[in-house]
Amino acid sequence: MSQKPSHRRRFAAGLVAALVVGVGLSHWTLVRARVQENRARAERVALVSLNALVDIVERAGGVGDSVRRAVAVFARGSSALTTIRVVAFDGLSLEASTASADGGDKAAPRRLAREEKPLYDQGQRLRAAVETNHQEGGARKEEIEIAAMPGGGLALAAPVTKEGAVVGLVAVETTPVPSPPRTSWLAPLAAVLIPALAFLVLAVPIAERRWVLAVVAATLLLGTMVAYGRYAFATMAGDRRITERTVAGEVTAEAARASSVVSELSLGDPRTLHPGSWDADLFRRPLELIAPDGTVHEAKLAESLAGAAGRTRQVFGAFAVLALALLAFVGFGSATRLGATLRKHRQAYTYTFPALFGMLLLVFLPFLYGVVLSFSDMSLYTSQAPMGDLFSKLWVGLKNFTDILGDFHVATSTAGGLVWNYQNIYWTLGITVIWTVANVAYGVGMGLFLALILNTKGLLGRPYYRVLFILPWAMPNYITALIWKGMFHQQFGVFNQIIQMCGGTPVSWFEKTSTSLFACIATNAWLSVPFMMVISLGALQSISADLYEAARVDGATRWQQFRSITLPSLKPALVPAIILSVIWTFNMFNIIYLVSAGEPGHSTEILITQAYKFAFEQYRYGYAAAYSMVIFAILLAYGVWQNKVTKATEGI
Amino acid sequence: MSVGSRTGDFPHLPLHVILLIYVVVTLYPLLWVFTIGFSGQQGLMIVDIPANATFLDRLRAIMPWPAHFSFSNFTSVFTEQPFARWLLNSVIVATATTILGVFLACTAAYAFSRFRFPGRRAGLMSFLVSQMFPGTLMLIPLYIIIVQWLGLGSNFIGLILIYSITGIPFCVWMLKGYFDTIPRELEESALMDGASTATIFYRIVLPLAKPAVAVTALFSFMTAWNEFIQAATFMDKVNMYTAPVGLRFFVGGFSQQWGYFAAGAIVTAIPIVALFLFLQKYLVSGLTAGAVKG
C-alpha cells in the first residue's frame, strides 16, 4: 500500500500546471497581439501614403503627362513606397511607373503586357467592389487590396475614380515591414515562479487542510492572472499609442509633401487636401483617429482602447477560467484518478484511441460546430467571419428554431380549396414519415417473404436467385436513382410506354405530389429489399431444424410454427435491422435528391433534402443547421423510444 | 427425418413463378442501363417509336435490347472523356479507405468486445447516436475543418479520412457483435501459453473473425466507391473527381449524355458486383452474427 497522497503536493502541482497554461496562453496572446499591431501599423502608414498618392493622381486626371509628372515628383520624396504604378482601364495602359523594370523601351505610357494581366484583374476586382458597395449603400467588399510580398514588404492597390466611376488603379509596394518588438519572457517566467514559491511557503502552516489549500491556490492563480492581464494590456495599449503617433507623423509628412506637389504642378488649391481622411480602413472610410491638423484624437483613442480592453478582459477571463478548472482538476485528485484509470486500462484505450480520436475530429467536432451554427444566422456572406463572431455579431439565440417549429401555416384555405405550404416543416415531416414507413414496410415485408421462399429446403437454383436479388444492393444507389429517373421520364420513360401499351395516357410523374412521391418510393423500395432479405435469410438459417421437428411432432400447424418459432427467432436480427433501416431511410438523401429533386415545388422533399436546399441553394447556413438539429432531435427521440420498447441494446 | 422440412409440402412450381417475377423486377432496371450503354446513342429511348405506335411497337420499346449493338459509348467514355482518371481516383480512395477503415474498426471493436473499461458504454452509445447526425449538418463544418483548417481540399487524404472515419460506428458495432460470439476460452488458453494481447488479436481473433472483417471491408469499400455528395463538395478540380462525381457530370445540369452515363455506370458497378459475388458467402454470416446478440 502506497502512502496517502498529499493534498499539498497535489495543489502545488495543480497550481504550477494552471499557471503555466494560464500565463502561457495569455503571453502567447500578447505576443500575437503585438505582431498584429505591428503589421496593422505598417498597413496604416502605407495606406496614408497610398491615399495621398491617389488623391494627387485623381487631381491630375488619372491619365496623361500630368499624372506621370505628379508620380515622379511624389516619388522623389517618398521613403516608404518603393514602386508606384498607375494603370488606366481606358486603353489598358500603364500610365506611370517608378519600377526599375519599367525603364527603357518598357517605360510608361504603354499598353499593359500580357504578363501584367493580374494587375488589370486586380483593377477589375476593385471596380466591382466599389460598384457593389455603392449599389448596396454599405461596405461589404474591400475597396483596397493589401497583400504581403515575399520580401516582407506590402503590396497595396487602390482604385482611381473620376466623376464617380472607377477609371484605373494605383498599385504600390512598400519597404519591408519592420520586425515586431520582442516581448520579454522574464515577465511570464516571474508570473509562474513567484506565485508557485509563495504557495510553497504559505502551504507550510496550512499543512493538509484541503479546502484552505484550494482557496489559497485559487487566490494566487486569479491574482496572477489579473496582474498578468493588466501588464499585457498595458503593453498592448503602449503599442497602440506608438501606432497612433507614427500614423499622425505620417499624415503630417504626407500632407506637407502632397501640398508641395499640388502647388508645384498647380493641381488646384493645396488647402482643399484632406490629410485627415487618408487614415482610412479598407473600405476607404476615414478612421477619424487623427485630427486634420495631424495630431492624435485622444478622446477617440481612449474610446477605442476601452473597447479593446473589454475584449481583452473576455479573452483573459476565459483563460483564467480554464486555468482554474485545471487547478481544481489536479488539486482535488481527479487527474490522479484519471491517470490511474488510463494506466489500468492501458490496452483498451490504446486499441480504441485511433478510432475515438478520428471520430472526435471528424464527427463530434463538426457536430458541435453545427450546433453552434444553428444558433447563428450565418449565411454565404458571413461564412468567412471569424469563430468569435458566431457568439457575438451572428448570434440569434433560438430564433431559427422558433421560426422553424413555430410556423404552423401548413396550409391556407382559399376559394379553390386548401393550398399547402410545402416549405413548412410539418408538411415535409409528414412526407418524410410516409416515405420512411412505406419504404421500411415494403423492405421488411418483401425481404422476409423472399427469404422465406428461398429458405425452402431443396428448392432448385437457390444460390442463383439469391445472387440476383442482392444486385440492387450492390448497385451504387445514385446510379439506381438516375436509372429510375430515366425510366419515369414522361416522354421516353419505360413506365409510360407500358401505360400506353395498355391503352392508358402517359403520366407526368413529377408534376403531381402523389405520383412524384410514388416514383421515389418505388425506387427506394426496390433498393431496400435485399438488405432485409439477407438479414432475414441469415436469421432463418440459424434456426435449428429440431425446433420445427418438435413442433410438428406436437401437431402444430404451419401458421403456428411461423408465429411461435420463426417470428420470435427472427426478432433479434430483424429489430436492429429495422431500427437501422428506419434511420437510413429517414436520412436517405440520394434518392429524393436525384429522382424527384423535390418536384413539384419542393412538395416531395424529405427533411434531409430540404435542409440541404436551405444550406446549399439558399445559403442560409445557420437556418439549415437549426433545421438539421430538428431532424437530429426527431431521430434521437425515435432511437430512445425504440430502445425502450425493444431493449435492443440491452447487455452491451 | 432430415429430408422433411416445414415447407416441404409446398409445391415448388408456384414458388419458382413468384421468384421469377421478382427476378424480372430486380433485373429490368439493370438490363435497361445495359441497353442504353450498348446502344451507341446518348438518348433514353431504346428504339424510335412511330407517331401512331401499335401495341407491338411499344412492346419492342420496353424490351431491354438495343436496336443496334455498339461499343462506341464505352470506347469514347475512356478516350474522349477523362473517365479513366476518375475511375483511378475512385480506386485509390476506396482502397485506402478500406485499409484504414478496417484497421480502425477492428482495433476499436476488439477493445469494446473484450475489455471492460470506464467509458466503454458511453463510447458505444455515442457511436450509435452519431449515426443519427444528419449529413447536411455535418457538411458545412466538415468543409471548414477539411479545407480551411487542414488544407485538404481536392486531396485524396481528406476524402479518405472522412470516409473511413464516418464508417467507423457501423463497422465497430458489426465487428463487436461478431467478436462477442468468439469464445473467450480460446484467448484464455493462449494467454496461459504466454501469448501477448497483440498476438492473440492478430493470430487468433482476426483469423476467426474473417467473415465479419470481410463484410466490414466490403462495407468500407462500398461507402467510398458509391459516395458522391461529399466527393462533389471536397473535390472541385475536374481531374480529382471520383467516378460518382464524374457520372453525375454526364447527366447533371444541362448535360444529357445518357449513353456515357450508362457505359460509365456499368464499368463503375462491375467491381462492386464482382466483390459481392466473391464475398457473398460471408455477407449473411457476417451481418447476422453482428446483429444477433441473443
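Residues numbered from 1 in each chain as written. Chains lettered and ligands numbered in written order. Predicted model: local features only at pLDDT ≥ 70, side-chain atom pairs only at ≥ 80, totals over all residues. Heavy atoms only, no water.

With that out of the way, let us pick up the environment of A:A626. All names here are of chain A. Tracing the chain through its elements places A626 in helix 20 (residues 621–646). Residue classification places A626 among the buried positions, given a relative accessible area of 0%. Note: C-alpha distance between A626 and N400 (226 residues apart in sequence) is 6.1 Å. (Helix = DSSP H or I, 4+ residues; strand = E, 2+ residues; numbered from the N terminus. Buried < 20%, exposed > 50% of the residue type's maximum accessible area, 1.4 Å probe, protein only.)

This brings us to the confidence of the model for chain A. With 97% of its residues at a pLDDT of 70 or more, chain A has an overall mean of 85. Here helix 9 (residues 387–391) of chain A is the element of chain A with the lowest mean pLDDT, 70, and helix 11 (residues 425–454) of chain A is the one with the highest, 92. (pLDDT = per-residue confidence, 0-100.)

With that settled, consider the environment of B:F71. All names here are of chain B. Within the fold, F71 resides in the loop between helix 2 (55–62) and helix 3 (72–79). Judged by its relative accessible area of 59%, F71 is exposed. A C-alpha to C-alpha distance of 41 Å links F71 and H12, two positions 59 residues apart in sequence.

Take the domain arrangement of chain A next. Here chain A is partitioned into domain 1 (7–38 + 185–342), domain 2 (61–174) and domain 3 (427–598). Distance from the C-alpha centre of domain 2 of chain A to the C-alpha centre of domain 3 of chain A: 66 Å. (Domains from an automatic or database assignment.)

A separate point is the sheet that holds strand 3 (residues 110–111) of chain A. Residue and element names in this part refer to chain A. Strand order in the open sheet made by the 6 strands is 3-2-1-6-5-4, with antiparallel pairing throughout. Edge positions in the sheet fall to strand 3 and strand 4 (145–148), since each has one partner strand and no second. Pairing analysis gives 4 bridges linking strand 1 (residues 81–88) to strand 2 (residues 93–97), with the strands arranged antiparallel. Directly across from A88, in strand 2, lies its bridge partner S93. Together, strand 1, strand 4, strand 5 (154–162) and strand 6 (165–174) form the strand contacts of helix 1 (residues 7–59), whose direction differs from that of strand 5 by roughly 30°. Packed on one face of the sheet, helix 3 (residues 117–136) meets strand 1, strand 4, strand 5 and strand 6 and runs near 125° to strand 6. (Pairing = 2+ DSSP bridges. Contact = heavy atoms within 4.5 Å. Axes fitted to C-alpha atoms, helices over the stretch in contact; angles between N-to-C directions.)

Turning to the interface of chain B and chain A, a few remarks are in order. Across the contact, 105 residues belong to chain B and 102 residues belong to chain A. Between chain B and chain A, a total of about 9600 Å² is buried, with carbon and sulfur atoms accounting for 78% of that surface. For the interface between chain B and chain A, the tally reads 0 salt bridges. Seen at the junction of chain B and chain A, the total is 6 residue pairs in polar contact (both at pLDDT 80 or more). Counting residues per element, the side of chain B that touches chain A draws most heavily on helix 1 (residues 12–38) of chain B, which supplies 16 residues. Each residue belonging to the side of chain B that touches chain A can be placed in one class, and the counts come to 78 nonpolar, 19 polar and 8 charged. (Buried area = accessible area lost by both parts, 1.4 Å probe. Salt bridge = Lys/Arg side-chain N within 4 Å of Asp/Glu carboxyl O. Polar contact = N/O pair within 3.5 Å; in protein donor to acceptor, adjacent residues only side chain to side chain. Nonpolar A, V, L, I, M, F, W, Y, C, P; charged D, E, K, R; others polar.)

Residue and element names in this part refer to chain A. Taking 1.5 Å of rise per residue, 53 residues should cover 78 Å, and helix 1 covers 76 Å from first to last C-alpha, within 8% of that figure. Here helix 1 starts with a cap whose side-chain oxygen sits 3.2 Å from the backbone nitrogen of R8, and that cap is S6. Downstream of helix 1 by one or two residues, G61 has phi in the positive range, about 95°. (Expected span 1.5 Å × (residues − 1).)

Residues and elements named next belong to chain A. By the criterion of burial, strand 2 is predominantly enclosed, with 4 of the 5 residues buried. Linking two consecutive strands that pair antiparallel, namely strand 1 and strand 2, is a turn of 4 residues; a positive phi of about 85° is found at G91 within it. As defined by bridge partners, strand 2 adjoins strand 3 across 2 bridges and the pair is classed as antiparallel. The residue of strand 3 that forms the bridge with L94 is R110.

Further remarks concern the pairing of strand 7 (residues 411–414) of chain A. In the case of a regular strand, side chains alternate between the two sheet surfaces. Residues and elements named next belong to chain A. For strand 7 and strand 8 (residues 417–420), the ladder comprises 4 bridges, and the chain directions are antiparallel. Pairing of S413 across the sheet is with L418, part of strand 8. In sequence, strand 7 turns back onto strand 8 through a hairpin of 2 residues.

Viewed as axis vectors pointing N to C, helix 4 (residues 83–114) of chain B and helix 13 (residues 243–251) of chain B meet at an angle of 145°, and their least axial separation amounts to 8 Å. Contacts between helix 4 of chain B and helix 13 of chain B involve B:F83, B:W86, B:L87 and B:S90 from the first element and B:A243, B:P244, B:G246, B:L247, B:F249 and B:F250 from the second.

On to a nonpolar patch on the surface. Residues and elements named next belong to chain A. Where nonpolar side chains cluster on the molecular surface, the patch consists of W185, L186, L189, L193, L197 and L200 and spans about 650 Å² of accessible area. Position of W185 relative to the elements: it lies in the loop between strand 6 and helix 4 (186–206). For W185, a relative accessible area of 59% puts it in the exposed group. (Patch = residues over 30% accessible without salt bridge, like charges linked within 9 Å, V, L, I, M, F, W, Y side chains within 5 Å. Areas by Shrake-Rupley, 256 points an atom, 1.4 Å probe, with all protein chains shown as cover.)

Attention now moves to the state of the cysteines. All names here are of chain B. In total, this model carries 0 disulfides over all chains according to the counting rule given. You can see C106 has no disulfide; the closest cysteine sulfur is in C171, sitting 8.7 Å from it. Assessed through its relative accessible area of 2%, C171 is described here as buried. (Disulfide = S-S within 2.5 Å.)

This part is about empty space enclosed by the protein. Per the stated rule, a full pass over the model turns up 3 cavities of 30 Å³ or more. Residue lining of the largest cavity: 46 residues in total, with A:N477, A:W584, A:M588, B:F219 and B:T223 positioned closest to the centre. The biggest single contributor to the lining of the largest cavity is helix 11 (residues 210–226) of chain B, with 6 residues. Classifying every residue of the lining of the largest cavity by side-chain character gives 29 nonpolar, 16 polar and 1 charged. Taken together, B:T97, B:G101, B:Y163, B:S164, B:G167, B:I168, B:C171, B:F219, B:S220 and B:T223 make up the full set of residues lining the second largest cavity. For the lining of the second largest cavity, the secondary-structure elements that each account for two or more residues are helix 4, helix 7 (156–166), helix 8 (168–181) and helix 11 of chain B. For the lining of the second largest cavity, the element with the highest residue contribution is helix 11 of chain B, accounting for 3 residues. (1 Å grid on protein atoms, 1.4 Å probe; cavity = no way out; pocket = protein on both sides within 12 Å on 5 of 7 lines; lining within 4 Å. Points joined across faces, edges and corners; volume = space filled by probe spheres on them.)

Residue and element names in this part refer to chain B. Each assigned domain of chain B is listed here: domain 1 (12–70) and domain 2 (82–291). Computed from C-alpha coordinates alone, the two centres of domain 1 and domain 2 are separated by 35 Å. In this assembly, 8 residues from domain 1 lie in contact with 8 residues from domain 2. The contact between domain 1 and domain 2 buries some 680 Å² in all, and 75% of this surface belongs to carbon and sulfur atoms. Three residues stand out in domain 1 for area buried against domain 2, namely V33, Q42 and L44, and they jointly supply 63% of the buried area on that side. Applying the counting criterion to the domain 1 and domain 2 interface returns 0 residue pairs in polar contact (both at pLDDT 80 or more). Looking at the side of domain 1 that touches domain 2, its residues break down into 4 nonpolar, 4 polar and no charged.

Moving on, we get to the pattern of salt bridges. Tallied over the full model, the rule gives 23 salt bridges over all chains. A:R257 serves as the salt-bridge partner of A:E254, at 2.6 Å between the closest nitrogen and oxygen. With a gap of 3 residues between them, A:E254 and A:R257 both fall in helix 5 (residues 210–264), about one helical turn apart. For B:K176, the salt bridge goes to B:D180, with nearest N and O atoms at 2.9 Å. Within this pair, B:K176 and its partner B:D180 are both found in helix 8, separated by 4 residues, close to a single helical turn. Residues joined in a network through salt bridges with shared partners are A:R44, A:R240, A:E244 and A:D279.

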